[in-house]
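Coordinate analysis (summary)
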Amino acid sequence: MLAVGLIFTSLQSSKKYKFDKKAVELHKDLVESAHFIDPAKAIEILSNQKDNYLFIDLRNPRDFDNFHIDGAVNVPMPRILDNEFISYLKNDKIKVLYSNESIEADQIRLLLTQYGYSNLLVLQGGANYWKENMLSKNVFDEKGEYDDEKLKFDPSSIEAAE
């Protein structure tokens, strides 16, 4: 949370970016959960190799190298608006943001929304949930109910990004 506060503070003082939303709009955005993507839906997207989605890992490069969702790009949280990475935000793809926990990615989504970027989703549960539940076992059955005995997909069917 500190990183997001530092980003907000430095960007506000730079006058390079202007905020697009008023406090009431931001509150409404935070209360609604439409910007979250369910891990089971993310698996479906990855399994079907849908090209209109881009998974963005907001963690530091060391954590990314240790583990990341196949096909994700690494854009460290403090550098999200650097020129080196801005092209990821300006394209028409649906961006699925994730960090260790979903709240961290949601803070960045909120910041980006405030600056006028769109097509932003947050992976519900974040990388920690994904690693512990979606890779080793899938906790949802076809109805979306808890079932830790059944895999929903074959992890070997998803090709690694090169």
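Going by the structure above, here's the rest.
On a predicted model such as this, the values are computed, not experimentally measured, just so you know. (Residues numbered from 1 in each chain as written. Predicted model: local features only at pLDDT ≥ 70, side-chain atom pairs only at ≥ 80, totals over all residues. Heavy atoms only, no water.)

**Comments concerning the sheet that holds strand β5 (residues 120-123)**
Going by this rule: At least two DSSP bridges between two strands are required for those strands to pair. By definition, any uninterrupted DSSP run of H or I lasting at least four residues is a helix, any uninterrupted run of E lasting at least two residues is a strand, and each is numbered from the N terminus. Contacts between residues were defined by any pair of non-hydrogen atoms, one from each residue, lying within 4.5 Å. Comment: axis = line fitted to C-alpha atoms, over the contacting stretch for helices; angle = value between 0 and 180 degrees taken between N-to-C directions.
Here we have 5 strands laid out as an open sheet, ordered β1-β5-β4-β2-β3, and parallel in their pairing. The sheet terminates laterally at β1 (36-37) and β3 (73-74), the two strands that pair on one side only. Direction of pairing for strand β2 (residues 53-57) relative to β3: parallel, over a ladder of 2 bridges. In the strand pairing of β3, D57 is matched with N74. Set on the sheet, helix α6 (residues 102-114) makes contact with β1, β4 (94-98) and β5; between it and β5 the angle comes to about 170°.

**Thoughts on the nonpolar core**
Buried together is how nonpolar side chains tend to be arranged in soluble globular proteins. Inclusion rule: Among buried residues, those of type Ala, Val, Leu, Ile, Met, Phe, Trp, Tyr and Cys that are joined through side-chain atoms within 4.5 Å constitute a nonpolar core. Between buried and exposed lies partly exposed: a residue is buried under 20% and exposed over 50% of the maximum accessible area for its type, with that area taken using a 1.4 Å probe on protein chains only.
In terms of nonpolar packing, the biggest core is built from 20 residues, with I80 and L112 touching the most fellow members. For this core, the secondary-structure elements that each account for two or more residues are β2, α5 (86-90), α6 and β5. When residues of this core are assigned to their parent elements, the largest contribution, 4 residues, is made by α6. Setting aside residues no more than four positions away along its own chain, I80 makes contact with L58, V75, F85, I86, L89, I108, L111 and L112. In this structure, I45, F64, V96 and M134 belong to the second largest nonpolar core, which totals 18 residues.

**A closer look at α6**
Filter applied, for reference: By definition here, a helix of n residues has an expected span of 1.5 Å times n minus one.
Between its first and last C-alpha atoms α6 spans 18 Å; for 13 residues at 1.5 Å apiece the expected length is 18 Å, and the two agree. Summarising burial for α6: 11 of the 13 residues are buried, a large majority. Those residues of α6 not exposed but buried are S102, A105, D106, Q107, I108, R109, L110, L111, L112, T113 and Q114. Positive phi shows up at G116, right after α6, with a value of about 95°.

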